Structures are given as C-alpha cells and as structure tokens.
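# Residue-level structural notes
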Amino acid sequence: MMENIKYDILSLTQGEVEKIVLELGEPKFRAKQIFGWINKGMWGAEMKNVPALLQKKLEDVCEFRLPKVKRRLVSQLDGTVKYLFELIDGEYIESVFMRYEHGNTLCISSQVGCRMGCKFCASTLLGRVRDLTPSEMLGQIIAAEKDTGERISNVVMMGIGEPLDNYDNTIKFLRLVSADEGLNIGLRHISVSTCGLVDKIDRLAEEGLPITLSVSLHAYDNEVRSGIMPVNNKYPIEQLLNACDRYFKRTGRRISFEYTLIGGKNDTVEGACRLASILKKYIHGTCHVNLIPLNEVEETRLETSRNVNNFKNKLVSLGINATVRRRLGSDINASCGQLRRQEKRDE
Ligand code: SAH
C-alpha cells in the first residue's frame, strides 16, 4: 500500500482547512474552530468543541507539530528569553523573545542556516541546510507563547536565514500569522529584514502587505559593502537603494535601514557623512537608520565599534533619522546563529 503524505496542517490557510473538512464530509464551520485551535498550539483531544470522531479523522490525514524547546536561556538583565528549537528532522533554529514597552516581540528564523555569506554573521558560517515551512515559522511564535504564557504582539524576521531567499513560504507565513481567526498579529507589527535581494524587494512591493521592510545596508559604498556582504556583488548599493525607493513609492511604507557598526570597517564619522549623502540621493522620502553595534562572533575576528555615538550624532546632525538599537539579552548570546552554532559544535 502506498503511504499517504499527510497535510502539514499549520501551513494551511483557513480556506485550505475548509477543503479538508468538506472532503471528510464534515460541515464547513468546523474549519474555523480547527484553525483557531491549531494556532493556539492545540490539537487532537485538546480541540474541545471538535467531535472526537473528527479529531481522529484529522489525525489520519494531517500532521501537527510544533518546534520543540531544546534549550532555553533567560537573561538575568532584562528577562529576554532565547530559544533553541529542534525541528522534526533534528535541525536547530533560534528565536528570541523580548519585552518592550509596546508589547512582546519575537525574533524568528526563516531558514536552517543561511547562504548569504555575510562576513560578520554567525548564522551563515555553515551555509544553508534548508528552508523553513510556513508552519515552522508560525510554530516558533505559538511555541514561545505557550512556553511564556504571554501574548506576542510583534514579530521581526531577523533570526537565522534570509526571508526573501525563502520567498513563497515567507509570504504564506505573513498571510497566516495575520489571519483574524489565527494569531491575528497585525502586519504593521511585523518587520521583514533582508540583506538586499533586489528582485524580491520588487516582488514584495506588489503583495499588498503593510509590513515594515528592514534592509541590511551596513556600508556607505560598494567597496566596503562587497567586502562584508557578498550579495552586494550581485546587487550593488545603487540598485538596492533604487529598489528601496520604488518600494516606498509603491507601498507608502517607510524603509528601515540596519547598519551594523564594525570597528575600523564602516564606522568612521566620514563614513556617516557618506551614508547620509547616499540616503539623501537615492531615497525620496523619509527613512530610518537603526544602528547595531556588532555582536562579536568568535570565528569572524571582527570587532565591535567604539564610535557608535559619534556615528549616530553625525547622521542626526545631517538630518537623518537614526537610533542605536537597545541590546537586550547581552548576557545570553542573544544575537542570532550563535546558539545553533554552539550546539552543533558540542555534538
Ligand atoms: N538575512 C536577513 C535577516 C537576518 S539578520 C538580513 O540580512 O537582514 C538580522 C540583522 O542582524 C541583519 O541586519 C544582520 O546583518 C544583522 N547581524 C547579523 N550578524 C550580526 C552580528 N554579529 N552583529 C550585529 N548584527 C548582526
């Protein structure tokens, strides 16, 4: 007998769940109940208002799995929680739960590893193993809500992986996470971070999703950027900034630029002037620069910057909106990729 491949139910929209429910000869309204339960991390007998027979029928055709908490580090400084999750095939990913005044934020992963090769980043050291499914992205949020007992109201896709290199699954995830009967997290409360895949930024602009796009710029010219981000050889700064400007014009959504400050590489005051001038030249609208002091990664030998405030003040004096990212969870290695890397090394 041929083995049936089961539906990965948490990757399905309510409409897709409805189709299964109808195929099983059940009334359509059950889909809404089931979709609600699975998005709370409940399945099988936990779906209390779903008849036992239907619970059983669903288990025959669908699989439901959440990422398993493999390790959990809690910051003594600010309560930030870092998760190492284990997936069904034994791979690891990371998520970080942070408490802000505007609500709890979860930073999630989009791939197992990454193939973008940024020189300062721990996630890419071993390359990319595979993409995450929509349910594995959603599952990080559900598992963290279950573990903390708290609601997550904001999501940033700044964990392991390049979300736009896993484009279709990322888009489906964004539609699922914002669904009314599901987690119902507003798209305006979600940031997608990219190293700058220009073709995908143009595609994203057409999706009608009012997320915040964060672009990892990290440099003020092509020489510096290509030196730390191989993606710049394919999509140089001018092309990237033009795409950002098109994105802003098409969506009306202000772009947020991330700029990791690396000692002696991209952090001089003159660099700040040059950054201000390219942003003014290419971006016709407002933007925001988020400065991130480098989190040092042992293998890279790059050092953090001692010039963070001077760099910021220069940008601000030139009329660029800039802030320095608060460092949450600095005592637990909260910057992404480091825990997975450690776990792999220990094994
Ligand atoms: N691939 C996406 C999202 C993941 S990285 C991207 O490139 O944007 C999220 C952010 O953290 C990016 O801006 C990335 O460049 C930055 N980052 C990666 N490693 C870092 C480190 N060691 N210190 C500081 N920032 C880092």
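Residues numbered from 1 in each chain as written. Predicted model: local features only at pLDDT ≥ 70, side-chain atom pairs only at ≥ 80, totals over all residues. Heavy atoms only, no water.

## A word on the packing of aromatic side chains
For any pair of aromatic rings, the description consists of the separation of the ring centres together with the inter-plane angle of the planes. Counting across every chain of the model gives three aromatic pairs. Between the aromatic rings of W43 and F64, the centroid separation amounts to 5.5 Å while the plane-to-plane angle is 25°, which identifies the pairing as stacked. In this pair, W43 is assigned in the loop between α2 (30-38) and α3 (52-61) and F64 in the loop between β2 (62-63) and β3 (68-74), connecting sequence segments 21 residues apart. The exposure classification of W43 matches that of F64, with both residues buried. Ring plane angle 10° and centroid distance 5.2 Å describe the contact between Y83 and F85, whose orientation is recorded as stacked. Classification of Y83 as buried rests on a relative accessible area of 0%. Note on F85: relative accessible area 0%, which makes it buried. (Phe/Tyr/Trp six-rings, centres within 6.5 Å; stacked < 30°, edge-to-face > 60°. Helix = DSSP H or I, 4+ residues; strand = E, 2+ residues; numbered from the N terminus. Buried < 20%, exposed > 50% of the residue type's maximum accessible area, 1.4 Å probe, protein only.)

## Concerning the pattern of salt bridges
Opposite charge on two side chains permits pairing when their charged atoms draw close. A complete count under the given rule lists 21 salt bridges for this structure. Across the pair R250 and E206 runs a salt bridge, and its minimum N-O distance is 2.9 Å. Placement of the pair is R250 in helix α9 (residues 237-251) and E206 in the loop between α6 (198-205) and β11 (212-216), with a sequence separation of 44 residues. With its nearest N and O atoms 2.8 Å apart, the salt bridge here joins K249 to D245. (Salt bridge = Lys/Arg side-chain N within 4 Å of Asp/Glu carboxyl O.)

## Focus: the site of the ligand
Taken together, 18 residues lie near the ligand, and E162, S193, S216, H218 and N295 sit nearest. The separation between an oxygen atom of the ligand and a polar side-chain atom of S216 is 2.6 Å. One nitrogen or oxygen atom from the side chain of E258 is found 3.1 Å from an oxygen atom belonging to the ligand. About the coverage of the ligand: the protein hides 93% of its 530 Å² of free accessible area. Elements with a contribution of two residues or more to the shell around the ligand: β10 (190-194) and β12 (255-261). Tallied by class, the residues present in the shell around the ligand amount to eight nonpolar, eight polar and two charged. (Near = heavy atom within 4 Å. Polar contact = N/O pair within 3.5 Å; in protein donor to acceptor, adjacent residues only side chain to side chain. Areas by Shrake-Rupley, 256 points an atom, 1.4 Å probe, with all protein chains shown as cover. Nonpolar A, V, L, I, M, F, W, Y, C, P; charged D, E, K, R; others polar.)

## Some points on the pairing of strand β6 (residues 103-107)
The element β6 is largely enclosed, with a buried count of five among its five residues. Summarising the sheet, strand β5 (residues 92-100) and β6 pair through five bridges and their orientation is antiparallel. Residue pairing for β6: M98 is matched across the bridge by T105. The hairpin formed by β5 and β6 contains two residues between the paired strands. Here three bridges tie β6 to strand β9 (residues 154-157), and the two strands are oriented parallel to one another. For L106, the partnering residue across the bridge sits in β9 and is V155. (Pairing = 2+ DSSP bridges.)

## Some remarks on the domain arrangement of the protein chain
Each assigned domain of the protein chain is listed with its residue range as follows: domain 1 (7-63) and domain 2 (68-346). Centre-to-centre, using C-alpha coordinates, domain 1 lies 34 Å away from domain 2. Counting residues at the interface gives 14 residues for domain 1 and 13 residues for domain 2. The junction of domain 1 with domain 2 conceals about 1,100 Å² of combined surface from both sides, 58% of it contributed by carbon and sulfur atoms. (Domains from an automatic or database assignment. Contact = heavy atoms within 4.5 Å. Buried area = accessible area lost by both parts, 1.4 Å probe.)

## Quick notes on the environment of R246
On the secondary structure map, R246 appears in helix α9. The exposure class assigned to R246 is partly exposed, which follows from its relative accessible area of 40%. Taking the C-alpha atoms as reference points, R246 and D202, 44 residues apart in sequence, are found 7.7 Å from one another. With near-sequence residues (within four places) excluded, R246 lies in contact with V198 and D202.

## Brief notes about the sheet that holds β5
Reading across the sheet, the ten strands line up as β3-β4-β5-β6-β9-β10-β11-β12-β13-β14 and stay open at both edges, with mixed pairing between neighbours. Looking at the sheet topology across the chains shown, the edges are occupied by β3 and β14 (322-324). Direction aside, the axes of adjacent strands within the sheet are offset by 20° on average. Across the sheet, helix α4 (residues 134-148) is in contact with β3, β4 (81-86), β5, β6 and β9; its angle to β4 comes to roughly 125°. In this fold helix α11 (residues 308-317) packs onto β12, β13 (287-293) and β14, with an angle of close to 165° to the strand it touches most, β14. (Axes fitted to C-alpha atoms, helices over the stretch in contact; angles between N-to-C directions.)

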